[in-house]
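Here is what each chain is made of, one letter per residue.
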Amino acid sequence: YATAKLVPKFEEQFPTSLPEKVPGFGRIYRAAESAFTNSAIRARIDLYDFYKKLGEKNKVTWDDTQIKDVGTFINALTARGKLGRIGESLVVRLFMWAPKMLKGNWDVLTAHTGGFGLKTKFARQQSAMSMVQVIATSYGIMSIANAIWPGSIEYDPRSSDFGKIKIGNTRVDFTAGAASLVTLAARMITQSTKSSTTGAVTKLGTGYGQLSGYDIIISFLINKATPPVGAVIDWAEGQNFQGDKPTIANTTYNAFTPIAIQNAIQLKDDASVE
């Protein structure tokens with residue numbers, strides 16, 4: 001398990017231990033961190049055991065190279081993509097929220113960029129099969145949701161609603177953010193974007209008032225910014241994600257209130273999904 005690098009020093013979900021020092025809340029934070037970290041490690045170890053048995057059944061040579069490849073594949077499946085020394089630096093983690101998860105999603109959706117990120121045939125095969133399974137399962141979920149709630153699914157990948165179940169004003173992202181990569185790729189390839197509110201398709205360009213490919217990429221990166229960096233961007237733009245003017249109060253609230261609690265407060269007043 002150590003050779004496969006399945007047991008990390010920390011998880012991106014809990015990048016700092018400072019909240020542990022807050023009286024009362026610190027115990028809740030430590031409990032949440034322990035539960036999250038241990039469940040993630042357990043998932044990785046169970047997956048490793050599964051693929052090791054599968055490999056042995058198929059007479060795969062289980063040497064260090066194979067172990068590391070399977071570890072890379074499993075870590076990507078569980079939101080820990082391999083970034084290298086620069087990608088895992090403090091600077092990247094300061095500016096970008098969950099870069100390992102983003103890289104993991106990329107690796108899963110591209111089968112580790114066509115298999116070039118893996119050295120062994122067995123790992124490349126399993127990676128390709130996983131990519132097909134993820135795409136097929138996602139399409140299945142979308143089809144079922146659209147059958148239950150007609151119109152709740154956007155099939156056009158150029159729209160920001162792609163890969164989400166939309167009911168009223170509530171969006172449920174069942175892809176855990178992976179769909180945003182598909183949307184970015186679709187917009188860049190087609191050089192167009194689709195509005196999630198009006199449904200209008202707009203071509204990208206360089207004219208006055210037009211969105212360009214550069215704008216699309218910058219917008220994607222801004223949405224991946226850490227809360228402190230996001231707060232600086234909000235003040236620079238003069239409005240936050242909700243379209244409100246930034247204040248000390250709402251900036252502090254957005255930066256330090258867990259997203260789950262923000263969602264609960266928001267849905268209390270707008271219960272689109274019971």
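Whatever comes next refers back to the structure up there.
Residues numbered from 1 in each chain as written. Predicted model: local features only at pLDDT ≥ 70, side-chain atom pairs only at ≥ 80, totals over all residues. Heavy atoms only, no water.

**Here's the deal with the packing of helix α2 (residues 64-77) against helix α7 (residues 121-148)**
Okay, so step 1: At a minimum axis separation of 9 Å, α2 and α7 run at an interaxial angle of 15 degrees. By the criterion of interaxial angle, the relationship of α2 to α7 is roughly parallel. Pair α2 / α7 crosses with right-handed handedness. Counted together, Q66, D69, V70, F73 and L77 of α2 and F122, A123, Q126, S127 and S130 of α7 form the full contact between these two elements. (Axes fitted to C-alpha atoms, helices over the stretch in contact; angles between N-to-C directions. Helix = DSSP H or I, 4+ residues; strand = E, 2+ residues; numbered from the N terminus. Parallel < 35°, antiparallel > 145°, perpendicular 65-115°, else oblique. Left-handed = near helix turned anticlockwise from the far one by under 90°. Contact = heavy atoms within 4.5 Å.)

**As for the environment of A147**
Okay, so step 1: The residue A147 is located in helix α7 in this model.
Okay, so step 2: Along the sequence, A147 and M96 sit 51 residues apart, while their C-alpha atoms lie 37 Å from each other.

**A closer look at the pairing of strand β2 (residues 170-173)**
Okay, so step 1: Pairing geometry for strand β1 (residues 164-167) and β2, over four bridges, is antiparallel. Its bridge partner being in β2, I167 is matched across the sheet by T170.
Okay, so step 2: Between β1 and β2, which pair antiparallel one after the other, the connecting turn spans two residues, and G168 there sits at a positive phi close to 65 degrees. (Pairing = 2+ DSSP bridges.)

**Points about a positive patch on the surface**
Okay, so step 1: A grouping of K5, K68, K82 and K119 is seen on the molecular surface, where their side chains present a positively charged patch.
Okay, so step 2: Mapping K119 onto the fold places it in the loop between α6 (111-114) and α7. (Patch = residues over 30% accessible without salt bridge, like charges linked within 9 Å, V, L, I, M, F, W, Y side chains within 5 Å. Areas by Shrake-Rupley, 256 points an atom, 1.4 Å probe, with all protein chains shown as cover. Salt bridge = Lys/Arg side-chain N within 4 Å of Asp/Glu carboxyl O. Lys, Arg positive; Asp, Glu negative; His and termini not counted. Charge placed at Lys NZ, Arg CZ, Asp CG, Glu CD.)

**Some thoughts on α7**
Okay, so step 1: Along its 28 residues, α7 runs 41 Å from first to last C-alpha, staying within 8% of the 40 Å computed at 1.5 Å per residue.
Okay, so step 2: Looking only at α7, the buried set comprises F122, A123, Q126, S127, S130, S138, M142 and A145.
Okay, so step 3: Where α7 is buried, its residues contact α1 (25-57), α2, α6 and β1. (Expected span 1.5 Å × (residues − 1). Buried < 20%, exposed > 50% of the residue type's maximum accessible area, 1.4 Å probe, protein only.)

**Concerning unusual backbone geometry**
Okay, so step 1: Positioned with a positive phi, K59 is a non-glycine residue whose angle comes to about 60 degrees.
Okay, so step 2: Its location among the elements puts K59 in the loop between α1 and α2.
Okay, so step 3: For K59, a relative accessible area of 72% translates into the label exposed.
Okay, so step 4: For A79, which is not a glycine, the phi torsion comes out positive at approximately 70 degrees.
Okay, so step 5: Judged by relative accessible area, A79 falls into the partly exposed class, the value being 30%.

**Here we look at the nonpolar core**
Okay, so step 1: Ranked by size, the top nonpolar core spans 11 residues in total: A4, L6, Y48, Y51, V60, W62, I67, V70, F73, I74 and F122.
Okay, so step 2: Mapped by element, the contributors of at least two residues to this core are α1 and α2.
Okay, so step 3: Looking at this core, the element that brings in the most residues is α2, giving four residues.
Okay, so step 4: For F122, the residues in contact, after removing those within four places along its chain, are Y51, L54, G55, V60, W62, Q66 and V70. (Core = buried A, V, L, I, M, F, W, Y, C linked by side-chain atoms within 4.5 Å.)

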